[in-house]
Amino acid sequence: MNRGRSFDDKFNSLNNKDIKIHPAWIQGFVDGEGCFNANIGLKVKAENRLEVVIQTNLSIDQNLHDLALLRLLESF
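Residues numbered from 1 in each chain as written. Predicted model: local features only at pLDDT ≥ 70, side-chain atom pairs only at ≥ 80, totals over all residues. Heavy atoms only, no water.

Q: Describe in detail the overall build of the protein chain, supporting the description with residues and values.
A: From N to C terminus, the protein chain includes 3 helices and 2 strands. When the helices and strands of the protein chain are read in sequence order from the N terminus, they spell out α-α-β-β-α. Considered along the principal axes of its C-alpha atoms, the protein chain spans approximately 60 × 25 × 20 Å. Here the protein chain holds 76 residues, and the buried ones make up 13% of them. Contacts in the protein chain between residues far apart in sequence, at least 24 positions, make up 48% of those at least 6 positions apart. (Helix = DSSP H or I, 4+ residues; strand = E, 2+ residues; numbered from the N terminus. Buried < 20%, exposed > 50% of the residue type's maximum accessible area, 1.4 Å probe, protein only. Contact = heavy atoms within 4.5 Å.)

Q: Break down unusual backbone geometry for me, with residues and values.
A: The phi angle of most residues is negative, glycine excepted, and most peptide bonds adopt the trans form. Even without glycine at this site, Glu47 takes up a positive phi of about 60 degrees. With respect to the helices, strands and loops of the structure, Glu47 is situated in the loop between strand E1 (34–44) and strand E2 (50–60). Accessibility expressed as a relative area gives 74% for Glu47, which makes it exposed. At Asn48, a position not held by glycine, the phi torsion is positive, near 60 degrees. Here Asn48 lies in the loop between E1 and E2.

Q: Explain the pattern of salt bridges to me, and be specific about the residues and the numbers.
A: By the definition in use, this model includes 1 salt bridge. Notably, a salt bridge pairs Lys45 with Glu51, separated by 4.0 Å at the nearest N-O pair. Given the relative accessible area of 33%, Glu51 is considered partly exposed. (Salt bridge = Lys/Arg side-chain N within 4 Å of Asp/Glu carboxyl O.)

Q: Give me helix H3 (residues 67–75): which residues, what numbers.
A: Within the span of H3, buried status applies to Ala68, Leu69 and Leu73. Viewed along the axis of H3, the buried residues span an arc of 145 degrees, placing them on a single side of the element. With respect to the buried face of H3, the exposed residues turned more than 90 degrees away are Arg71, Glu74 and Ser75. The inward-facing, buried residues of H3 abut helix H2 (23–33) and E2. (Arc of directions from axis to C-beta.)

Q: Mind laying out the nonpolar core, listing which residues take part and the relevant values?
A: One finds Ile21, Ile26, Phe29, Val30, Leu69 and Leu73 forming the largest nonpolar core, which totals 6 residues. Contributions of two or more residues to this core are made by H2 and H3. In this structure, Val30 is in contact with Phe36, Leu58 and Ile60, ignoring residues within four places of it in sequence. (Core = buried A, V, L, I, M, F, W, Y, C linked by side-chain atoms within 4.5 Å.)

Q: Describe the environment of Asn57, and please don't skip the residues or the numbers.
A: Residue position: Asn57 is located in strand E2. Look at Asn57 and you get partly exposed, because its relative accessible area is 42%. For the pair formed by Asn57 and Ser13, sequence separation is 44 residues and the distance between their alpha carbons is 29 Å. Residues contacting Asn57, with those up to four places away along its chain left out, are Cys35, Phe36 and Asn37.

What follows is the structure, given as structure tokens:
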């Protein structure tokens, strides 16, 4: 689909358009393009107490010309 298109054309293709994203589309997109991570660890607190630390992360990598799409996902 993008073969032969200029960078500017790809970068501006979603600009100035009123696009509604359906939750099912986001689910499929993240399933194919995203990555969920969860890290569980211990942290030493004062007086040698241990605290369980849980960190979660969702990452989605796309080309720079898909910046408008990433902004739509972020606003969702």
